[in-house]
Amino acid sequence: MFLKFNPFVTVANGKFNIRIPYVDIILGHPVLKSLGKAKYISTLDAEKGYWQVPIAELSKKYTAFRTRNGLYEYNVLPFGLKNSPATYQRIMNEVLHGLSDFCLVYQDDNHI
């Protein structure tokens with residue numbers, strides 16, 4: 001029998017016990033503390049936010065994919081690239097710089 005070691009799952013008396021790590025650290029996070037003071041919270045979802053980010057001409061060849069109809073390259077940031085989420089997060093942080101007291105950004109979700 002193969003058992004994979006997981007420090008957050010323990011077996012006692014034949015029952016699995018799952019421990020949630022760092023709960024006190026997560027609940028004490030400054031982002032959650034700032035949301036806790038808010039009377040109202042609005043959430044905006046940038047549904048097509050990734051598609052608003054153009055790809056540099058030199059980078060387009062790395063987004064290429066082939067179909068029966070030919071070779072295609074993306075002109076805008078697609079969802080499936082490895083660094084798409086990090087790129088979009090960085091851009092949103094730059095756009096909303098200075099508004100961190102009341103505006104939080106995570107990926108394509110903005111919380112005001």
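See the structure shown above.
Keep in mind it's a predicted model, so treat the numbers as computed, not measured.

(A) Local environment of the overall build of the protein. Helix and strand content of the protein: 3 helices and 7 strands. The N-to-C order of helical and strand elements in the protein reads β-β-α-α-β-β-β-α-β-β. Counting across all 112 residues of the protein, residues that qualify as buried make up 18%. Partitioning the contacts of the protein with sequence separation of at least 6, the portion at a separation of at least 24 is 36%. Working note: accessible area of the protein is about 9,700 Å², and carbon and sulfur atoms make up 59% of it.

(B) Molecular detail of a nonpolar patch on the surface. A cluster of nonpolar side chains, contributed by Leu44, Leu99, Phe102 and Ile112, occupies part of the molecular surface with about 350 Å² of accessible area. Within the element layout of this structure, Leu44 appears in strand 3 (residues 43-45).

(C) Inspection of the nonpolar core at higher detail. By size, the foremost hydrophobic cluster in this structure holds 9 residues: Ala46, Tyr50, Val53, Leu77, Tyr88, Met92, Leu96, Cys103 and Val105. Apart from the residues lying within four places of it in its own chain, the contact partners of Tyr88 are Ala46, Gly49, Tyr50, Val53, Leu77, Gln107 and Asp108.

About the criteria used
Residues numbered from 1 in each chain as written. Predicted model: local features only at pLDDT ≥ 70, side-chain atom pairs only at ≥ 80, totals over all residues. Heavy atoms only, no water. Helix = DSSP H or I, 4+ residues; strand = E, 2+ residues; numbered from the N terminus. Buried < 20%, exposed > 50% of the residue type's maximum accessible area, 1.4 Å probe, protein only. Contact = heavy atoms within 4.5 Å. Areas by Shrake-Rupley, 256 points an atom, 1.4 Å probe, with all protein chains shown as cover. Patch = residues over 30% accessible without salt bridge, like charges linked within 9 Å, V, L, I, M, F, W, Y side chains within 5 Å. Salt bridge = Lys/Arg side-chain N within 4 Å of Asp/Glu carboxyl O. Core = buried A, V, L, I, M, F, W, Y, C linked by side-chain atoms within 4.5 Å.

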